[in-house]
Amino acid sequence: MGKLALTGGKAVGAPRMEPWPPVGDDDREALLKALDSREWCRLTESSAVGAFEQEFAAYQDARYGIAVANGTVAIELALLAAGVEAGDEVILPAVTFIATASAVSMVNAVPVFVDVDPDTIAIDPEAVAEAITPRTKGILAVLYGGYPVDFDRLLPLAQANHLWLIEDAAHAHGTEWKGRKVGAIGTAGTFSFQMTKSLPGGEGGAVLTDDEELYERAMLLHNIGRGMEARKYGHVVVASNYRMSEFQGAVLGTQLSKLPSQVDKKHENGEWLAAELTRIGGIRPLKRDPRVTKRGYYFFVMRYDREEFGGVPRDRFVDAMQAEGMDVFPAYDIPIYANRAYHQAGRGNTGPVRVPSLNPGPDYDNMHLPVAERFCREEQVVMLHHWLLADGPQLQKVVDAIVKIKDNAEELLS
Ligand SMILES: Cc1ncc(COP(=O)(O)O)c(C=O)c1O
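Residues numbered from 1 in each chain as written. Predicted model: local features only at pLDDT ≥ 70, side-chain atom pairs only at ≥ 80, totals over all residues. Heavy atoms only, no water.

**Things to note about the pattern of salt bridges**
Tallying each qualifying case throughout the model produces 20 salt bridges. A salt bridge links Arg-28 to Asp-25, with the nearest nitrogen and oxygen atoms 2.7 Å apart. Residue Arg-28 and its partner Asp-25 are both found in helix α1 (residues 25-37); the two are separated by three residues, about one turn of the helix. The salt bridge partner of Asp-289 is Arg-291, with a shortest N-O separation of 2.9 Å. On the basis of relative accessible area, Asp-289 is assigned to the buried category, the value being 14%. Salt bridges here are not isolated pairs; linked through shared partners, they connect Asp-150, Asp-152, Lys-178, Asp-289 and Arg-291. (Salt bridge = Lys/Arg side-chain N within 4 Å of Asp/Glu carboxyl O. Helix = DSSP H or I, 4+ residues; strand = E, 2+ residues; numbered from the N terminus. Buried < 20%, exposed > 50% of the residue type's maximum accessible area, 1.4 Å probe, protein only.)

In structure tokens form, the structure reads like this:
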């Protein structure tokens, strides 16, 4: 019998923490109010969705916000509002959730995957520069785990090449770059309020922007091509229905009031945990950068170095952590282009309505981006954001479990 829980020893034990998402009387009251109003769709003056989208935009330092059904269609809407057309190339990172790429495919544009920076897992600006062609229309940059992209390099690059920059900020509620919250630093930004996210609404999403014209277009498109004054049938563009329901809007309103203090606490605990990991060695946090003035979190991302753990593979380390009571996991364990979905879809316009002749597009079958592949397959270990709401002594257990595994790594090799 070994010392590690996986080899029969006593587990460190899971930290005590509140379950996610948090539920309070304010959420119950808001939901009941929406129910009793019998106005379950946002098409009224007193809409909870209308109030929420404005409050959320203000929180993220954006002038305009449009709440939508989820984070996936938020990206589709942002792409359409930015003027994407079938066959256009959109540059995006290979490390993300598939929705970033599938949204590009769904509007019949072509996802062009590029590699990420090994220290931040943000899209690599040099790789972006190399991927630009005359067909490129924009950059869809993911704020991975909540870590911002390098706006100082991406914005001038976008500008010089007449590209839009959309931030997929599904992970990044509350994140700040040089004192400004993300979402409208580029042309537009999109968020997810799916239940596990740091602002949970069951499902939900938003598009934020400072660009009035883009906002007007997105507003029109999101309501089947008509203005918000309309219960009427005057549709001016052909579009889909992206609207958020009043139930989502109601619960997001109360959840938003809890977000700022949660973001602060997670930021502080994240800084503490990052310093502890650096001390342990072999399991690195993302790079500290003074321009990142506040870290919003979806994942607390750790990079595992097998060599420093006596040759124990990443997945065996994850099993050992779970046995100790730590709910860590490898997250997205392959780059997006390696998904069967992209291999089956073929090349070019990979959406459900195939227009393959428009643009041959990249060869996903034979694509290899080394940083993304190593990170996804060998290094990435994540913890969900709400663990950072645990009190210090509870979070200490994560550190204790890692140290214990490192000290007894040989038990995991037999
Ligand atoms: C990076 C990223 N983009 C987009 C989405 C899509 O959001 P949703 O699940 O709300 O559709 C997700 C969802 O997890 C995501 O992680």
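There is more to say, and it comes next.
**Considering the side chain of Glu-176**
Residue placement: Glu-176 occurs in strand β6 (residues 176-177). Although Glu-176 is buried, it makes no salt bridge; Lys-181 carries the closest opposite charge, 4.1 Å away. In terms of polar contacts, Glu-176 uses its side chain to reach the side chain of Thr-293, at 3.0 Å. Glu-176 has contacts with Pro-148, Lys-181, Arg-291, Val-292, Thr-293 and Lys-294, leaving out every residue within four places of it along the chain. (Lys, Arg positive; Asp, Glu negative; His and termini not counted. Polar contact = N/O pair within 3.5 Å; in protein donor to acceptor, adjacent residues only side chain to side chain. Contact = heavy atoms within 4.5 Å.)

**A closer look at the environment of Arg-291**
If you trace the backbone, Arg-291 turns up in the loop between β10 (283-285) and β11 (299-304). Residue classification places Arg-291 among the partly exposed positions, given a relative accessible area of 25%. For the pair Arg-291 and Asp-152, spaced 139 residues apart in the sequence, the C-alpha separation amounts to 9.6 Å. Filtering out sequence-adjacent residues up to four positions away, Arg-291 remains in contact with Asp-150, Asp-152, Glu-176, Trp-177 and Lys-178. Of note is the side chain of Arg-291, whose polar atom sits 3.2 Å from the side chain of Asp-152.

**Overview of the sheet that holds strand β5 (residues 164-168)**
Read from one edge of the open sheet, seven strands run β1-β9-β8-β5-β4-β2-β3, paired in mixed fashion. Pairing within the sheet leaves two strands with one partner each, and these edge strands are β1 (64-68) and β3 (110-114). Averaged over all pairs of adjacent strands, the angle between their axes in this sheet comes to 20°, without regard to strand direction. Two elements, strand β4 (residues 136-142) and β5, share five bridges in a ladder whose sense is parallel. The residue bridging Leu-140 from the neighbouring strand is Ile-166, located in β5. Its contacts with the sheet place helix α2 (residues 48-59) against β1, β8 (188-192) and β9 (205-209), and it is angled at close to 130° to β1. Most of the contacts of helix α6 (residues 151-160) go to β5, to which it runs at about 145°, and overall it touches β4 and β5. (Pairing = 2+ DSSP bridges. Axes fitted to C-alpha atoms, helices over the stretch in contact; angles between N-to-C directions.)

**Concerning the pairing of strand β12 (residues 380-384)**
Of all the five residues making up β12, five are buried; the element is thus mostly covered by neighbouring parts of the structure. Side chains of β12 alternate between two faces, with Gln-380, Val-382 and Leu-384 and Val-381 and Met-383 buried alike. Here β11 pairs with β12 via five bridges, running antiparallel. Its bridge partner lying in β12, Phe-299 is registered against Leu-384.

**With respect to the packing of helix α3 (residues 71-82) against helix α4 (residues 98-106)**
As a packed pair, α3 and α4 sit with axes 9 Å apart at the nearest point and diverge in direction by 45°. Comparing the axis directions of α3 and α4 gives the class oblique. Pair α3 / α4 crosses with right-handed handedness. In contact with Thr-72, Ile-75, Glu-76 and Leu-79 of α3, α4 contributes Ala-99, Thr-100, Ser-102, Ala-103, Val-104 and Met-106. (Parallel < 35°, antiparallel > 145°, perpendicular 65-115°, else oblique. Left-handed = near helix turned anticlockwise from the far one by under 90°.)

**Things to note about the side chain of Glu-373**
By the secondary structure assignment, Glu-373 is in helix α11 (residues 370-379). Among the polar contacts listed, one links the side chain of Glu-373 to the side chain of His-368, at a separation of 3.1 Å. Here Glu-373 is in contact with Pro-335, Tyr-337, Met-367, His-368 and Glu-378, once residues within four sequence places are set aside.

**Remarks on the packing of aromatic side chains**
Throughout the structure, instances matching the rule amount to 22 aromatic pairs. Arranged with centres 5.7 Å apart and planes meeting at 85°, the rings of Phe-113 and Tyr-342 form a pair that is edge-to-face. Of this pair, Phe-113 sits in strand β3 while Tyr-342 sits in helix α10 (residues 340-345); the two residues are 229 residues apart in sequence, bridging distant segments of the chain. The class of Tyr-342 is buried, set by a relative accessible area of 4%. Ring pairs connect the aromatic residues Phe-97, Tyr-144, Tyr-298, Phe-299, Phe-329, Tyr-332 and Phe-375, which therefore count as one cluster. Here Lys-181 stacks its cationic end above the ring of Tyr-59, 4.5 Å away from the centre of that ring. Over the ring of Tyr-298 we find Lys-197, and its NZ or CZ is 4.8 Å from the ring centre. (Phe/Tyr/Trp six-rings, centres within 6.5 Å; stacked < 30°, edge-to-face > 60°. Lys NZ or Arg CZ within 6 Å of the ring centre and 35° of its normal.)

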